[in-house]
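A closer look at the structure
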Amino acid sequence: MTATNTRNIVLHVADVHRHFGGLRALSDIDLQVEEGKTHAIIGPNGAGKSTLLNVVIGRLPPTSGAVIFDGQILTGKAPHEINQIGIARVFQTPEIFPDLPVLHNVMAPAFSKRDGAFRINLFQRLDTERAVREEAESLLQDVGLFERRNTNAGALSRGDKRRLELAMCLIQHPRLLLLDEPTAGMSRHDTNTTIELLQKIKQRGMTKLIIEHDMHVVFSLADRISVLAQGRIIAEGLPDEIRGDPRVHEAYLGGAIQ
């Protein structure tokens, strides 16, 4: 099985089903994400959005179907293998190192990604550490956390932890960035700052797959939107098409799409 080449598809979730006993969390999912674009997945609570992302990153195996990334079948690979291939994810609950300073949190995944925990000689290590520190500090400037770079990450607010985890993903230079509710717990000001940052990332050509309840965020960022309800994709299209789709309004009880 290979991914469709139409529109330069980098991620293809091909006819995926995921069952938990008698519960069908995902059914007949066929999702194609175009390289360099921002694809949003929206839907009511319990629609299967986070389950879908967990299938993509290997935390959950599909009951049937396959996940294909850049021509490689990911099904059966462990999460760390999928990460090494070029997929990073920002989780709903930030996964950080709470007892380490903010700066070291950002630097740690870069070393793991680039040189396998310092399996290089001393002079290479010094040059690498200097370059990683500079990039980490630049990213902390971008996400508004530079002034807190020496603070232990566990002392950050929930919104700041989410921005920290975003920086931890960006330093890995993933080809595909998965964001699960990236602005949850943020003030409107911090949400707008995050939108601006993600728009800058888009200009660099990074592909993003976003789950988000805040429609302001979705319509500010998405090139294409898929709507999940009861584990199925009920609509997919451009933002203006989704905004006017009666099936989408019905799924949200008429209250979320504006």
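Conventions and cut-offs
Residues numbered from 1 in each chain as written. Predicted model: local features only at pLDDT ≥ 70, side-chain atom pairs only at ≥ 80, totals over all residues. Heavy atoms only, no water. Helix = DSSP H or I, 4+ residues; strand = E, 2+ residues; numbered from the N terminus. Buried < 20%, exposed > 50% of the residue type's maximum accessible area, 1.4 Å probe, protein only. Contact = heavy atoms within 4.5 Å. Phe/Tyr/Trp six-rings, centres within 6.5 Å; stacked < 30°, edge-to-face > 60°. Lys NZ or Arg CZ within 6 Å of the ring centre and 35° of its normal. Expected span 1.5 Å × (residues − 1). Axes fitted to C-alpha atoms, helices over the stretch in contact; angles between N-to-C directions. Parallel < 35°, antiparallel > 145°, perpendicular 65-115°, else oblique. Nonpolar A, V, L, I, M, F, W, Y, C, P; charged D, E, K, R; others polar. pLDDT = per-residue confidence, 0-100. Pairing = 2+ DSSP bridges. Core = buried A, V, L, I, M, F, W, Y, C linked by side-chain atoms within 4.5 Å.

Overview of the side chain of Thr207
- Considering the arrangement of structural elements, one finds Thr207 in strand β8 (residues 207-211).
- Under the relative-accessibility criterion, Thr207 is labelled buried at 1%.
- With sequence-adjacent residues up to four places away left out, Thr207 is seen in contact with Val10, Val33, Glu34, Glu35, Gly36, Lys37, Arg175, Leu176 and Leu177.

Focus: the packing of aromatic side chains
- The full count for this structure, using the stated rule, is zero aromatic pairs.
- Taking the ring centre of Phe20 as reference, the NZ or CZ of Arg18 above it sits at 4.4 Å.
- The ring of Phe146 has Arg149 lying over it, and the distance from NZ or CZ to the ring centre is 4.0 Å.

Details of helix α5 (residues 158-170)
- End to end, α5 covers 19 Å across 13 residues, agreeing with the expected 18 Å (1.5 Å per residue, within 8%).
- Within α5, eleven of the 13 residues are buried, leaving the element largely enclosed by the surrounding structure.

Brief notes about the packing of α5 against helix α6 (residues 188-203)
- Running from N to C, α5 and α6 point in directions that differ by 10 degrees, and their axes come no closer than 12 Å. On the basis of the axis angle, α5 is roughly parallel to α6. Judged by residue contacts, Arg163, Leu166 and Leu170 of α5 engage Asp190, Thr194, Leu197, Leu198 and Ile201 from α6.
- Class assignment for the residues of the contact of α5 with α6 results in five nonpolar, one polar and two charged.

As for unusual backbone geometry
- With a phi close to 50 degrees, Asp70 is a non-glycine residue in the positive phi region.
- Take Asp70: it is sitting in the loop between β4 (64-69) and β5 (72-73).
- Of note, the phi angle at Glu181 is positive, near 55 degrees, even though the residue is not glycine.
- Examined against the element boundaries, Glu181 turns out to sit in the loop between β7 (176-180) and α6.
- Note on Glu181: relative accessible area 9%, which makes it buried.

A look at the side chain of Arg18
- Note that Arg18 resides in strand β1 (residues 9-20).
- Every residue in contact with Arg18, bar those within four places of it in the chain, is listed here: Leu23, Arg24, Ala25, Leu26, Thr51, Leu60, Pro61 and Thr63.

Looking at the confidence of the model for the protein chain
- Chain-level pLDDT for the protein chain is 87 on average; 89% of the residues reach the 70-or-more range.
- This stretch, residues 1-5, has a pLDDT under 50; its non-local contacts, to residues over four places away or in other chains, come to eleven contacts.
- Taken as a whole, residues 115-123 scores under 50 in pLDDT and shows nine contacts with residues more than four places along the chain or in a different chain.

Let's talk about the pairing of strand β2 (residues 23-34)
- For β1 and β2, the ladder comprises eight bridges, and the chain directions are antiparallel. Among the inter-strand pairings, Val16 is bridged to a residue of β2, identified as Ile29.
- Between β1 and β2, which follow one another and run antiparallel, lie two residues, and Gly21 among them has a positive phi close to 65 degrees.

Thoughts on the nonpolar core
- One finds Val106, Leu140, Leu164, Leu166 and Leu177 to be the most contacted residues of the largest nonpolar core, which totals 35 residues.
- Listed by contribution, the elements that provide at least two residues to this core are β6 (87-90), α3 (102-115), α4 (122-142), α5, β7, α6 and α7 (215-221).
- Setting aside its immediate chain neighbours within four residues, Leu166 contacts Val90, Leu177, Leu179, Leu197 and Leu198.
- Leu11, Val16, Ile41 and Leu60 belong to the second largest nonpolar core, which has 27 residues in total.

Examining the pairing of strand β9 (residues 224-229)
- In terms of burial, β9 is a largely internal element, five of the six residues being buried.
- Here five bridges tie β9 to strand β10 (residues 232-237), and the two strands are oriented antiparallel to one another. Note on β10: the bridge partner recorded for Ser226 is Glu236.
- Hairpin connection from β9 to β10: two residues lie between these consecutive antiparallel strands, with Gln230 at a positive phi of about 55 degrees.

Section: the sheet that holds β1
- Read across the sheet, four strands follow the order β2-β1-β4-β5 without closing on themselves; strand pairing throughout is antiparallel. Strand pairing shows two members of the sheet lacking a second neighbour, β2 and β5, which therefore form its edges.

Quick word on helix α1 (residues 49-56)
- Among the eight residues in α1, seven count as buried, and that is most of the element.
- When α1 is considered as a whole, its buried residues turn out to be Lys49, Thr51, Leu52, Leu53, Asn54, Val55 and Val56.
- Gly58 occupies a position one or two residues after α1 and carries a positive phi of about 85 degrees.

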